[in-house]
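# What the coordinates show
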Amino acid sequence: AKRLAKTAADQSVDIRAQADASVKMAEEMQKQRLESLRPIVDVVLIEPTDDYALTRHGVCISKGMLSDLVDLEIRNIGVGPALELEVSLIHPTQVFNTPPARTLPRESQPISISLKQEVNAPMRSPTPAGSSISATYVDIYGRRWQSKRELRFDTGKDRFGTDKNRIEPGPLIVTLVKSQP
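Let me begin by describing the structure that accompanies this report. (Residues numbered from 1 in each chain as written. Predicted model: local features only at pLDDT ≥ 70, side-chain atom pairs only at ≥ 80, totals over all residues. Heavy atoms only, no water.)

Let us now look at the sheet that holds strand 6 (residues 111-116). Spatial ordering of the open sheet is given by 1-2-6, a layout of three strands whose pairing is antiparallel. Each of the sheet's edge strands pairs with one partner strand only, and the pair in question is strand 1 (41-46) and strand 6. Strand-to-strand twist in this sheet, taken as the mean axis angle between neighbours without regard to direction, amounts to 30°. (Pairing = 2+ DSSP bridges. Helix = DSSP H or I, 4+ residues; strand = E, 2+ residues; numbered from the N terminus. Axes fitted to C-alpha atoms, helices over the stretch in contact; angles between N-to-C directions.)

Below, the structure is given as structure tokens:
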């Protein structure tokens, strides 16, 4: 009788372990399914190419500011579509307009957009710390994501003594903002 009770207890432990393993496997499969169609939006600041805009750009950067018109390039490098995409430029002393939300197909070609500084926005003393470009978007499962790059203003001189006056973008950081509605 003792042996039969021990065998039943061992079977109960084995069944519980199998159930736990099944639950863990199901959770892993769900995670893989969610990640398999995840969009990843990359946002890049485009430096001007014509002489006038380049000079204006350099002067603004030397003062810790951005030009009143900033060009960005956005691209979805993920495998799922980015829905309700909103792009913003954050600068502590300037306010830029935000273009209307859009959808960005999966593995898309780059799209160029321009952000214009708000005309009557209040100006504060220039401090470029805390500047960034970001995109928020939703995947097909309703999860809200944010892709962000910090901007560092390089106003030093290069090895020839020439002013750099350029913006160095930080690494792309993608975070889950809201898991599901």
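From this point, things continue past the structure.
Working definition: two side chains of opposite charge can pair if their charged atoms are close together. Across all of its chains, the model carries six salt bridges by this definition. Where Glu107 meets Arg106, a salt bridge forms, and the shortest distance between an N and an O atom there is 3.9 Å. Glu150 is the partner of Lys148 in a salt bridge, and the nearest nitrogen-oxygen pair spans 3.7 Å. (Salt bridge = Lys/Arg side-chain N within 4 Å of Asp/Glu carboxyl O.)

Here we come to the pairing of strand 2 (residues 69-76). The side chains of a regular strand alternate between both faces of the sheet. On strand 2, burial follows the alternation: Val70, Leu72, Ile74 and Asn76 on one face are buried, whereas Leu69, Asp71, Glu73 and Arg75 on the facing-out side are not. In this sheet, strand 2 lies alongside strand 1 in antiparallel orientation, the contact comprising six bridges. Looking at strand 2, one finds that Asp42 is bridged to Arg75. Bridging between strand 2 and strand 6 involves six bridges; their strand directions are antiparallel. Across the sheet, Glu73 pairs through a bridge with Ser112, a residue of strand 6. (Buried < 20%, exposed > 50% of the residue type's maximum accessible area, 1.4 Å probe, protein only.)

A word on empty space enclosed by the protein. Enumeration according to the criterion identifies one cavity of 30 Å³ or more in this entry. By volume, the largest cavity amounts to about 40 Å³. Lining the largest cavity, in full, are Ile74, Leu85, Glu86, Val87, Pro99, Pro100, Arg102 and Ile113. Per-element tally for the lining of the largest cavity: the top contributor is strand 3 (residues 82-91), with three residues. For the lining of the largest cavity, a count of residues per class yields six nonpolar, no polar and two charged. (1 Å grid on protein atoms, 1.4 Å probe; cavity = no way out; pocket = protein on both sides within 12 Å on 5 of 7 lines; lining within 4 Å. Points joined across faces, edges and corners; volume = space filled by probe spheres on them. Nonpolar A, V, L, I, M, F, W, Y, C, P; charged D, E, K, R; others polar.)

Purely spatial values, then, with no claim about function.
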